[in-house]
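# Chain and residue survey
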Amino acid sequence: MVFATALEETLKVFLNPVDGCLGPLTVVLDHTSGFEGLLFVDDDLLGVIGHSNFSSIRATTCVYRGKWAYEVLISSQGLMQIGWCTLNCRFNQEEGVGDTPDSYAYDGNRVRKWNVTTTNYGKSWAAGDIVSCLIDLDEGTITFCLNGQSLGTAFSNIKMGPGVAYFPAISLSFKESVAFNFGSRPLRYPVEGYLPLQNPPTADLLRAHKLLGYIKTVLSTTLDTQEEKVLEKDSACWSLHGEPTTLVTLAHIFNYFAPLMCKVYLVEDVLMNFLLGILEGGGSVDEHPLIQQLLDLFWLLMEDYEVNECLKQLMMSLLRAYRFSPIIPDLGFQIHYLRLTTAILRHEKSRKYLLSNVLYPFIVVFFYIKTPLRVKEAGLEELIPTTWWPTRFDKEGKESKDESAEERLRRRAYERGCQRLKKRIEVVEELQVQILKLMLNNKDKGTGEASRYIFLNKFRKFLQENASNRGHPTALCPPEYMVCFLHRLITAVRSYWDEGKMRNPGCVSSDEAYVPPQLFYNGKVDYFDLQRLGGLLSHLKKTLKDDLASKANILMDPAEIQATSMDDLDEEEESGSAQRPFGAVAMGGALARPSWLSSPTLGRANRFLSTAAVSLMTPRRPLAPPEKVKVRTLAVEQRTEEDIEGSHGNDGLLLGRPLEEPDHPITEKSLLEILDGIVMMYNLSVHQQLGKMVVVSDDVHEYAVALKDTEEKIARCPARVNAHHSLHVICVYTLSCPCKCPPDTLTQLAAILAKHFADPRIVGTDIKDSLMQALASYVCYPQSLRAVERIPEEQRVSMMRNLLAPYEQRPWAQTNWILVRLWRGCGFGYRYTRLPHLLKTKPEDTNLPSLQKPCPSLLLQRHMAELLSLDKDMAASFLNSVLNQLNWAFSEFIGMIQEIQQAAERPERNFVDTRQLKVCATCFDLSVSLLRVLEMTVTLVPQIFLDWTRPSAELLLRRLAQLLNQVLNRVTAERNLFDRVVNLRLPGLESVDHYPILVAVTGILVRILVDCERQGVSRAASVLLSDPCFQLHSIQHLLGEGETSPAAAVLPQTPAVHPGDPAAAPAERKHFSLHACEYISLEEEQKVEQMLAFLTIESKQAAASTAPTSEEDLCPICYAHSISAVFKPCSHKSCKACINQHLMNNKDCFFCKATITGVEDYSKKPTAS
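All figures in this text were calculated on a predicted structure; none of them were measured in a lab.

### With respect to the overall build of the protein
When helices and strands are tallied, the protein shows 41 helices and 24 strands. For the protein, with 1169 residues in total, the buried portion stands at 48%. The contacts of the protein with a sequence gap of at least 6 include a subset with a gap of at least 24, amounting to 71%. For the protein, the computed accessible surface area is about 57,000 Å², with 54% contributed by carbon and sulfur atoms.

### What about the pattern of salt bridges?
Across all of its chains, the model carries 27 salt bridges by this definition. A salt bridge links Arg185 to Glu268; the shortest N-O distance between them is 3.7 Å. Highlighted residues: Arg185 in the loop between strand 16 (177-181) and strand 17 (195-196) and Glu268 in helix 4 (residues 264-279), separated in sequence by 83 residues. Taking the relative accessible area as the measure of exposure, Arg185 reaches 15% and is therefore buried.

### Some remarks on the sheet that holds strand 23 (residues 1133-1134)
In space, the 3 strands of this open sheet follow the order 23-22-24, with antiparallel pairing throughout. The open sheet has two edge strands, strand 23 and strand 24 (1158-1161), and neither has a second partner. Pairing of strand 22 (residues 1125-1128) with strand 23 involves 2 bridges; the strand directions are antiparallel. Along strand 23, the bridge assignment pairs Val1126 with Lys1133.

### Some points on unusual backbone geometry
Going from Tyr360 to Pro361, the amide bond is cis rather than trans, its omega being 5 degrees. On the secondary structure map, Pro361 appears in the loop between helix 8 (348-357) and helix 9 (375-378). For the bond running from Lys1128 to Pro1129, omega is 10 degrees, close enough to zero to count as cis. Assignment of secondary structure puts Pro1129 in the loop between strand 22 and strand 23.

### Looking at the side chain of Glu71
Tracing the backbone through its elements, the reader meets Glu71 in strand 7 (residues 67-74). There is no salt bridge for the buried Glu71, and the closest opposite charge comes from Arg188, which lies 6.0 Å off by N-O distance. Of note is the side chain of Glu71, whose polar atom sits 2.8 Å from the backbone nitrogen of Arg188.

### Some thoughts on the nonpolar core
Judged by nonpolar contacts, the single largest core of 121 residues is most densely connected at Phe878, Phe893 and Leu1009. Sorting elements by how many residues they give to this core places helix 30 (residues 872-904) first, with 14 residues. Apart from residues no more than four positions distant in its own chain, Phe893 is found in contact with Cys920, Cys923, Phe924, Phe978 and Val992. Counting residues in hydrophobic clusters, the runner-up holds 114 residues, among them Leu266, Leu276, Leu654 and Leu675.

### Description of the packing of aromatic side chains
Using the criterion set out here, one finds 27 aromatic pairs in the structure. Ring centres of Phe367 and Phe485 lie 5.4 Å apart, and the angle between their planes is 10 degrees; on these two criteria the pair is classed as stacked. Of this pair, Phe367 sits in the loop between helix 8 and helix 9 while Phe485 is found in helix 13 (residues 479-503), placing the two residues 118 residues apart along the sequence. One aromatic cluster in this structure is built from Tyr360, Phe367, Phe455, Phe459, Phe462 and Phe485. In this structure, Arg452 is placed above the aromatic ring of Tyr496, and the distance from its NZ or CZ to the ring centre is 5.0 Å.

### A look at the pairing of strand 8 (residues 80-85)
Counting buried residues along strand 8, 6 of its 6 residues qualify, which places the element largely inside the surrounding structure. Of the pairings in the sheet, the one linking strand 8 to strand 15 (residues 167-173) comprises 6 bridges and is antiparallel in character. Residue pairing across strands places Gly83 opposite Ala169, the latter belonging to strand 15. By the bridge criterion, 4 bridges tie strand 8 to strand 9 (residues 103-107) in an arrangement that is antiparallel.

### Remarks on the packing of helix 27 (residues 793-803) against helix 29 (residues 858-870)
Viewed as axis vectors pointing N to C, helix 27 and helix 29 meet at an angle of 65 degrees, and their least axial separation amounts to 10 Å. Crossing geometry of helix 27 relative to helix 29 is assigned as right-handed. Of the residues in helix 29, those touching helix 27 at Glu793, Arg796, Val797, Met799, Met800 and Arg801 are Leu859, Leu860, His863, Met864 and Leu867. Its residues placed into classes, the contact of helix 27 with helix 29 shows 7 nonpolar, 1 polar and 3 charged.

### Details of helix 27
Turning to helix 27, its buried residues number three or more, namely Arg796, Met799, Met800 and Leu803. Relative to the axis of helix 27, the buried residues are bounded by an arc of 95 degrees and lie together on one face.

### Looking at the environment of Ser1034
Examined against the element boundaries, Ser1034 turns out to sit in helix 37 (residues 1032-1037). Using a relative accessible area of 1% as the deciding quantity, one classes Ser1034 as buried. When neighbours within four sequence positions are excluded, Ser1034 is seen to be in contact with Leu968, Asn969 and Thr972. Engagement of the side chain of Ser1034 in a polar contact is seen with the side chain of Asn969, the distance being 3.0 Å.

### Overview of the sheet that holds strand 2 (residues 35-36)
The antiparallel open sheet is built from 7 strands, whose spatial order is 2-5-15-8-9-10-11. Looking at which strands have only one partner, the edges of the open sheet turn out to be strand 2 and strand 11 (117-120).

### Some words on the confidence of the model for the protein
With 78% of its residues at a pLDDT of 70 or more, the protein has an overall mean of 78. Helix 20 (residues 611-615) is the least confidently modelled element of the protein, averaging 27 in pLDDT, while strand 12 (residues 130-136) averages 96, the highest of any element. Contacts of residues 563-598 to residues separated by more than four positions or lying in other chains number 75 contacts, the stretch itself having pLDDT below 50. Within the model, pLDDT remains below 50 along residues 603-633, and this stretch shows 83 contacts once partners closer than five positions in the same chain are excluded.

### Points about the environment of Gly108
Tracing the backbone shows Gly108 in the loop between strand 9 and strand 10 (112-115). Between the C-alpha atoms of Gly108 and Trp125, which are 17 residues apart in sequence, the distance is 5.0 Å. Beyond its immediate stretch of four places on either side in the chain, Gly108 contacts Lys123, Ser124 and Trp125.

### What about the environment of Ser350?
If you trace the backbone, Ser350 turns up in helix 8. Other than its neighbours up to four places away in sequence, Ser350 contacts Leu295, Trp299, Leu311 and Ile344. For Ser350, the side chain forms a polar contact with the side chain of Trp299, separated by 2.9 Å.

### Describing the packing of helix 2 (residues 202-219) against helix 4
Direction vectors running N to C along helix 2 and helix 4 enclose 30 degrees, while the axes themselves pass 10 Å from each other. In terms of orientation, helix 2 lies roughly parallel with respect to helix 4. Handedness of the crossing formed by helix 2 with helix 4: right-handed. Along the contact surface, helix 2 presents Asp204, Leu205, Ala208, His209, Leu212 and Lys216, while helix 4 presents Tyr265, Leu266, Asp269, Val270 and Phe274. When the residues that make up the contact of helix 2 with helix 4 are grouped by side-chain class, the tally is 7 nonpolar, 1 polar and 3 charged.

### Here we look at helix 11 (residues 405-439)
Given 3.6 residues per turn, any residue in an α-helix points the same way as the ones three and four places further on. For helix 11, spanning 35 residues, the distance from its first C-alpha to its last is 50 Å, which sits close to the expected 51 Å at 1.5 Å a residue. Those residues of helix 11 not exposed but buried are Glu407, Arg411, Ala413, Gly417, Val428, Leu431, Gln432, Val433, Ile435, Leu436, Leu438 and Met439.

### Structural notes on the state of the cysteines
In this structure the tally under the stated criterion is 0 disulfides. Cys477 supplies the cysteine sulfur nearest to Cys484, a cysteine that is in no disulfide, at a spacing of 9.8 Å. On the basis of relative accessible area, Cys484 is assigned to the buried category, the value being 14%. Residue Cys920 stays outside any disulfide, its sulfur separated by 6.9 Å from that of Cys923, the closest cysteine.

Rules of the game
- Residues numbered from 1 in each chain as written.
- Predicted model: local features only at pLDDT ≥ 70, side-chain atom pairs only at ≥ 80, totals over all residues.
- Heavy atoms only, no water.
- Helix = DSSP H or I, 4+ residues; strand = E, 2+ residues; numbered from the N terminus.
- Buried < 20%, exposed > 50% of the residue type's maximum accessible area, 1.4 Å probe, protein only.
- Contact = heavy atoms within 4.5 Å.
- Areas by Shrake-Rupley, 256 points an atom, 1.4 Å probe, with all protein chains shown as cover.
- Salt bridge = Lys/Arg side-chain N within 4 Å of Asp/Glu carboxyl O.
- Pairing = 2+ DSSP bridges.
- Lys, Arg positive; Asp, Glu negative; His and termini not counted.
- Polar contact = N/O pair within 3.5 Å; in protein donor to acceptor, adjacent residues only side chain to side chain.
- Core = buried A, V, L, I, M, F, W, Y, C linked by side-chain atoms within 4.5 Å.
- Phe/Tyr/Trp six-rings, centres within 6.5 Å; stacked < 30°, edge-to-face > 60°.
- Lys NZ or Arg CZ within 6 Å of the ring centre and 35° of its normal.
- Axes fitted to C-alpha atoms, helices over the stretch in contact; angles between N-to-C directions.
- Left-handed = near helix turned anticlockwise from the far one by under 90°.
- Nonpolar A, V, L, I, M, F, W, Y, C, P; charged D, E, K, R; others polar.
- Arc of directions from axis to C-beta.
- pLDDT = per-residue confidence, 0-100.
- Parallel < 35°, antiparallel > 145°, perpendicular 65-115°, else oblique.
- Expected span 1.5 Å × (residues − 1).
- Disulfide = S-S within 2.5 Å.

See below:
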């Protein structure tokens, strides 16, 4: 009994005591068992980054009664599904939250809600938005909010009752990232009646608010000892060295207040909001000394670890708030947070602690002004009501002042808008520069090192990390952040530089600033192994010893020259660990790098192990002191003011002055090193971003000039040409919404496209492609397709003739796609709009041409049948080209999935080249579309293959059978390559699946083996069975038969596989079967069963009647068929299939290279017994 009571008390401490909620007190993401796929989770277990196709993860706490809420910060606006799920939900790389019966999700990327099926819901989200997920388990509803605005009830009548509890959950695609707030911090947009999953520290909140109020009251009162009463006074007049009674009172208050300030929830909800409230009145930060007084009290009355944790949480909360706050017209949120940051950094002791331990490298976030993703909400439309770009230039390329009145008005309106925007941004920039100037202060020597030298050492380390991680983009500071940081840093440095010039007129002004040369060769600044033009510094000192002595006034120590050469670098690297200073060894070789591009919580998502990076922190070999000048070479974090500025005869950074260098000081030496760092920062990252900006500017300039030039040319054109231009505009409009266009207009445009899409007089590639794409779009919509059918018959036939031209020597993919669209809706199982396996995973814009419902054209099919029947040569050349392209496309596809499978088996399998995946999927789609064109041809004109009086019929049938067997064998083999790649479900290969290709092949086989007349069926079966690649089990696979081999039935049970392991996927997937496909009709299933029964009988008979063939009687080319043809005049022999296929491209004999004039049947004479 005692044990049970103790256990119950223990569980109360660790488990959530609130009714309706189950789980630990601290709610985080379940990184042990509640995830699927590959994910990166931040250290606090609240930020997550997707690192595979579609990863899922849930929280550690569930709810079963009551009304609950949590928030998700969207830090990337890609494909994600956020919501709730039960413990029974099983996710994989295809199905995530919302794709199973007991899971519900909102997707702001596609603006939809998900619960097995999907419908439109809500509005689009953007990076920086906050999604609130609300569940009401009393009413059975789920609601979502975006930035505090309700999107309406998403789901009602959700499953409830005993055994049903819901977890917060998310599914997200590759490189997408979010940060959860289950209640560890105050909810940004709390909803009345809904509780956060993690209990807020209500008692601590009340206590903290009261204690903070007491502190403010004590600071604004004084004791009148003569009259013995308490008097009110301005808190700005309070001094730390004031009345002892006040300090004693405050000490008692802080005894209870200090422990509360170590909790992030209380720091963000109580302290940060209190400090922000002090500054709400406006005015200069100097006018609010209460913040400085509070920080003085913190350092006086709190333990150091308490102050450190409080300041760390306060600054990280400010960084998050600044980074993710929405952009409003006056940038009010950003200004508010920067003002408080400035006020905190004005406190010297706090500034030095934050500089040393917290701010780097995340301080860069404060200097970035993010681009608004919602133009209307940011007020840009009101600020800049119109756009303008210079489009008139003189012969020298300078902007011309010759402009129309309309252009002048637009330009002036645009310039006024830009000025208004610039003034608002300048307020933010001024605050950012103030922050930097505080950190560059070198006069605050109250406690230890001045701020500038702390900043400088951290700045060099920041540059080092960006220099040594150039091959790892996620560990680099984003270039757009670097550009802003560089701009503010230059402004702050110029300010201090010019102040130094005013104090010392002999110094150089900032306009003439430069870095003196001795900074590069005296070894006092570490350049992190960046290559020098002349080699290593030690090599330069060895080879240029005399020059340094005569021109730079430096004597080299012989011991130092002897120590290092280019040949002993390997030895140095091996012994480097013994020479690292304490600061580097203490890190243990592991450098934690921030994942700049994705970390939503400003935490560290990844840890990179890099001993090379650690060795860069120190020089390769400690330098011995030369005789003439004492040189101390230290690690970055060990340098002091004396090492940088110099004193007592020490030149600091500028050891060794060249004779031509002026003797007077340039400026403070610390500013010289910062300037040197600015130059390095520009070369590391900033120039790339500026180059991109220039490219965008140049592109917009070219577009503006081209648009202006085009408008002027159109204005000069005759009326008839303008009419054609108008027709082009109507054509574009028609393709976007053909149902709104008059029928006569549709017909006229259809006639133009049908006549000119293959016009040989049109030589421009872009125009040709545009016409072909327009025609391809036309045949996708019922209204426009009917318009094509209404054009004169002669034009229709001509159009079809052009479409049936051989595929060689021309772009054939669009042509093939047009033919496929004319057939979709008539083929075997070809009634789908989207592939069946994609219906639940990735809806597209229903207005796209490729996603229109099937609308076949029987009229155009009839024209195609007539052309192929009457023109035997055209039919043979067309089908040979289709078979050639099919052979190429499918072979390329198989080769690529082999490479993908090999890449997937390596540890870096998630980094398959996206371009390779796209090309692979394209080859697969081309293979399927070519098979559908063959099915269309076999259905409309079966005699092309089965009427052997036609000269090429047998050859075409044999080639068709060969390719069909190849496709079937590759796709249906047990545990084959195709299966493994499909089960990986890699992004970009969504369309690759069994259904589209197997159903297309089945359609061709059913046409030639079931639907044709008896003689044709007999010929088709004979050719198919005689192909050496034919395997009956490939046909059985279509109906799900013969899937489990006898050996597989007795295999022992395999051990359990982790859900996140791709190897688990094949075991969970079902075998393909036409019986399970919803688009296969009962009649089509019966035809496949009839075909399988027929082939089973025929294959048995063929096996029984086939006599053994001697090797001498086999075709010497393919060794698959008997010799059946003899060449004239040389009398060499082969099978008919080989010689017929060879004669399509070459008239020379295989063996003797003689010209073949004829081919005769060959039958071996029976030998006498």
